[in-house]
Amino acid sequence: MAPRRKKIYEGKAKILYEGTEPGTLIQYFKDDATAFNAQKKAVIEGKGVLNNRLSEFFMNGLTNIGVPNHFIRRINMREQLIRQVEIIPLEVIVRNFAAGSLSKRLGLEEGTALPRPIVEYSFKNDELGDPMVSEEYIVAFGWATQQDLDDIVSLALRVNDFLSGVFFGAGIKLVDFKIEIGRVWDGDFMRLIVADEISPDSCRLWDVKTGQKLDKDVFRRDLGDLTDAYTEVARRLGLMPTNTANLTKPTLIN
């Protein structure tokens, strides 16, 4: 019988356990799906398996182009070893096209191309509904310094360039996405790295030609089967067999 692991944190879609090596954590991807600040909930079979593999794919891609992140290696179908970081309490949102809350706030038609990528921030607090905050708030309350914010924007835009290219090559439009940033220390030197996950849970993805939604909006808006949408993303990125008609559960390519 495997020894009981120490749970560090449980969120809506993931659980963090104490890692196998100093300074590490094990990130476990759940099948739980939530929307509207967890007012809508469901268990979607296979979602955690898909998000684990997709996040590994994107984090490895970022590593290859020199964007630092917390990913170390995938352990199994649902778990990955990650570097322990001090999470900055912000969701960093990058928008390329109007959608969701931006469309509602500014009255823009969904899908409207923005003049340039826009970086926004929300304060990570479920009880408050992750409210939008300005750089003035962030610096004033000490969540991050102005230099941190400059570095965060640089990281976010590099991630955007990478993801936009990868997705466009698969016939997918990256409408927007959110990431989290963590602090790590090498001795007295602190640096910022990409943390949490990158998956269809945290991206808004539309088919380039048809506009079909391939992200969590499928669940939010009752547009079909969420596993089918995420499976299609993984298939287009070459992470699973092209003929998946007879598969009842995600079968991913290593």
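Worth saying up front: this structure is predicted, and the values here are computed from it rather than measured. (Residues numbered from 1 in each chain as written. Predicted model: local features only at pLDDT ≥ 70, side-chain atom pairs only at ≥ 80, totals over all residues. Heavy atoms only, no water.)

So, the sheet that holds strand β1 (residues 7-10)
Test applied: When DSSP finds two or more bridges between two strands, those strands count as paired. For the purposes of this entry, the term helix denotes a DSSP run of H or I that reaches at least four residues, the term strand denotes a run of E that reaches at least two, and both are numbered from the N terminus. The angle between two axes is taken between their N-to-C directions and runs from 0 to 180 degrees, where each axis is a line fitted to C-alpha atoms and a helix contributes only its stretch in contact. The contact criterion used is simple: two residues touch if any of their non-hydrogen atoms lie within 4.5 Å.
With antiparallel pairing, 5 strands are arranged side by side in an open sheet as β1-β2-β3-β7-β6. Either end of the sheet is taken by a strand with one partner, and the two such strands are β1 and β6 (71-74). Shown here is a sheet whose adjacent strand axes are inclined to one another by a mean of 25°, direction ignored. The sheet strands contacting helix α1 (residues 47-64) are β3 (24-29), β6 and β7 (79-83), and the helix crosses β6 at an angle near 130°.

Thoughts on the pattern of salt bridges
Here is the rule: Any Lys or Arg side-chain nitrogen located within 4 Å of an Asp or Glu carboxyl oxygen qualifies as a salt bridge. Buried, partly exposed and exposed residues are distinguished by accessible area as a fraction of the type maximum, computed with a 1.4 Å probe on protein chains only: under 20%, between the cut-offs, and over 50%, respectively.
Counting across every chain of the model gives 29 salt bridges. Note that E180 is salt-bridged to K124, the shortest N-O span being 3.0 Å. A residue pair is termed long-range when its members are at least 10 positions apart, and E180 in strand β12 (residues 172-186) and K124 in the loop between β10 (113-123) and β11 (132-133) qualify at 56 residues. Look at E180 and you get buried, because its relative accessible area is 9%. In this structure, the salt-bridge partner of R236 is E232, at a minimum N-O distance of 2.7 Å. Taken together, the residues R236 and E232, both in helix α6 (residues 226-236) and 4 residues apart, mark about one turn of the helix.

Observations concerning the pairing of β6
Sheet topology note: the β6/β7 ladder contains 3 bridges and is antiparallel. Each residue of the ladder has a partner; that of R74, found in β7, is Q80. Two successive antiparallel strands, β6 and β7, enclose a turn made up of 4 residues.

A few points about the domain arrangement of the chain
Where we set the bar: All domain edges in this entry derive from an automatic or database-based domain assignment. Accessible surface is computed with a 1.4 Å probe, and the buried area is the amount of it that two parts give up when combined, taken over both parts together.
As assigned here, the chain comprises domain 1 (7-83) and domain 2 (86-225). Between the C-alpha centres of domain 1 and domain 2 there is a distance of 17 Å. Domain 1 puts 29 residues into the contact, and the matching count from domain 2 is 27 residues. With both chains or domains summed, domain 1 and domain 2 bury close to 2,400 Å², and 61% of this area falls on carbon and sulfur atoms.

Quick look at the nonpolar core
So the rule is basically this: Nonpolar cores were defined as sets of buried Ala, Val, Leu, Ile, Met, Phe, Trp, Tyr and Cys residues, with membership established by side-chain atoms within 4.5 Å.
Judged by nonpolar contacts, the single largest core of 50 residues is most densely connected at V159, L163, F167, I181 and I198. Counting residues per element, this core draws most heavily on helix α4 (residues 146-169), at 8 residues. The two domains that each donate at least three residues to this core are domain 1 (7-83) and domain 2 (86-225). Among residues more than four places away in sequence, those in contact with L163 are F58, L174, F177 and I198.

Some remarks on the packing of aromatic side chains
For clarity, the cut-off: Aromatic rings from Phe, Tyr and Trp, with only the six-membered ring used for Trp, were paired whenever their centres fell within 6.5 Å, and each pair was classed as stacked if the ring planes differed by under 30 degrees, edge-to-face if by over 60, and tilted otherwise.
Applying the stated criterion to the full structure yields 5 aromatic pairs. Each ring, one from F58 and one from F167, has its centre 5.2 Å from the other, and the planes form 50°; the classification is tilted. Placement of the pair is F58 in helix α1 and F167 in helix α4, with a sequence separation of 109 residues. The exposure class assigned to F167 is buried, which follows from its relative accessible area of 1%. In textbook terms, an aromatic cluster arises when at least three aromatic residues are bridged by ring pairs, as seen for F123, Y137, F141 and W143.

Side note on α6
Spelled out, the test is: N or O atoms closer than or at 3.5 Å make up a polar contact, with two conditions inside protein: a donor-capable atom paired with an acceptor-capable one, and, for residues adjacent in sequence, both atoms drawn from side chains.
Here α6 has its buried residues at L226, T227, A229, Y230, T231, V233 and A234. In the core, the buried residues of α6 are packed alongside β4 (32-35), α1, α4, β12, β14 (203-207) and α5 (217-220). Structurally, the start of α6 carries an N-cap: the backbone nitrogen of T227 is 2.9 Å from a side-chain oxygen of D225. One or two residues past the end of α6 sits G238, with phi positive at roughly 80°.

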